[in-house]
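Coordinates in review
One letter stands for each residue in the lines below.
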Amino acid sequence: MREGPDIARIAALIGDPARAHMLTALMSGKALTATELAGEAGVTLQTASGHLSKLLDGQLVQARKQGRHKYFALAHADVAATLEALMGLAAGQGTLRTRTGPKDAAMRQARVCYNHLAGRMGVQMFTSMLDRDLIWEEGEALGLTGAGEDFVTGFGVDLGRLEDARAPLCRSCLDWSERRTHLAGSLGRAMLARMEDTGWLRRDTTSRAIHFSASGQSQFDQAFPSIIR
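So, here is what we can say about the structure in this document. (Residues numbered from 1 in each chain as written. Predicted model: local features only at pLDDT ≥ 70, side-chain atom pairs only at ≥ 80, totals over all residues. Heavy atoms only, no water.)

Now for the overall build of the protein chain. On a plain count of helices and strands, the protein chain comes out with eleven helices and eleven strands. The C-alpha radius of gyration of the protein chain comes to 18 Å, within 12% of the 17 Å expected for a compact globule of 229 residues. Expressed along its principal axes, the backbone C-alpha trace of the protein chain runs to roughly 50 × 45 × 45 Å. Each of the 229 residues in the protein chain was classed as buried or not, and the buried ones make up 42%. The long-range share in the protein chain, meaning contacts at least 24 apart out of those at least 6 apart in sequence, stands at 59%. Looking at the protein chain as shown, the accessible area adds up to about 12800 Å², and 50% of this sits on carbon and sulfur atoms. Each charge class in the protein chain was averaged separately, 27 positive and 25 negative side chains, and the resulting centres sit 9 Å apart. (Helix = DSSP H or I, 4+ residues; strand = E, 2+ residues; numbered from the N terminus. Rg over C-alpha atoms; globule rule 2.2 N^0.38 Å. Buried < 20%, exposed > 50% of the residue type's maximum accessible area, 1.4 Å probe, protein only. Contact = heavy atoms within 4.5 Å. Areas by Shrake-Rupley, 256 points an atom, 1.4 Å probe, with all protein chains shown as cover. Lys, Arg positive; Asp, Glu negative; His and termini not counted. Charge placed at Lys NZ, Arg CZ, Asp CG, Glu CD.)

Okay, structure coming up:
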């Protein structure tokens, strides 16, 4: 008898093109209805419902009912991290669904990855914080240093509230376009939310791309100066 995790079952769930489109759409961190996900996947609502049932059974998505509508979201951060890693593997092998264009360039610059900042700017934020000893890294483990706690508090993040939550404060996520680490976890989400609250950026309504204003870009670069390695 074979022992260990059954990766074939999970791979089969993710590997179907329609389900892959649905899961990718949920990487924005927003909960979507079956109708919205059917549009993302290019399938009928009935077909989408069948796919969502399989994803629910496989615990890759979760459902929440609000009023007359049922909304679907990724089950947890591990699903998002797995999808991001698979995107990196596909991109590294030249497996792209369409030719690159303006939206692709914007996504590589800055995008939402399960409600935290990814792309070049996400990697810049992580690298800058690491190089200035605001976060420590030991293998896959990450954490804030004392200086880092002061920094994020000064940035406007309620660190006490994050530490009281069950979710990990800091997590590493391998960026699919940069093939380097960006910051995930509750701190990554809080940092992106703070940037949005201060008006540094706006989210694209048709993709996961994030657009920084000129002022927002300048303030971001001051807060997270890029250090060339």
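On we go.
Enumeration over the complete set of coordinates arrives at six aromatic pairs. Here the aromatic rings of Phe 151 and Phe 155 are separated by 6.1 Å at their centres, their planes lie at 20 degrees, and the arrangement is stacked. Linking Phe 151 with Phe 155, this pair stays in helix 8 (residues 146-155), spanning four residues, or about one helical turn. With a centroid separation of 5.8 Å and an interplanar angle of 75 degrees, the aromatic rings of Phe 151 and Phe 224 are classed as edge-to-face. Placement of Phe 151 in helix 8 and of Phe 224 in the segment after helix 11 (214-223) is noted, with a sequence separation of 73 residues between them. Here the two residues Phe 151 and Phe 224 agree in accessibility, since each one is buried. Following the ring pairs from residue to residue traces out a cluster consisting of Phe 151, Phe 155, Trp 200, Phe 212, Phe 220 and Phe 224. Just above the ring of Phe 151 sits the side chain of Arg 132; from NZ or CZ to the centre is 5.3 Å. (Phe/Tyr/Trp six-rings, centres within 6.5 Å; stacked < 30°, edge-to-face > 60°. Lys NZ or Arg CZ within 6 Å of the ring centre and 35° of its normal.)

Quick look at unusual backbone geometry now. Non-glycine residue Asn 115 carries a positive phi angle of around 70 degrees. Positionally, Asn 115 belongs in the loop between strand 4 (111-113) and strand 5 (116-118). Non-glycine residue Asp 133 carries a positive phi angle of around 60 degrees. Residue placement: Asp 133 occurs in the loop between helix 7 (120-131) and strand 6 (135-138). Overall, the relative accessible area of 54% leaves Asp 133 in the exposed class.

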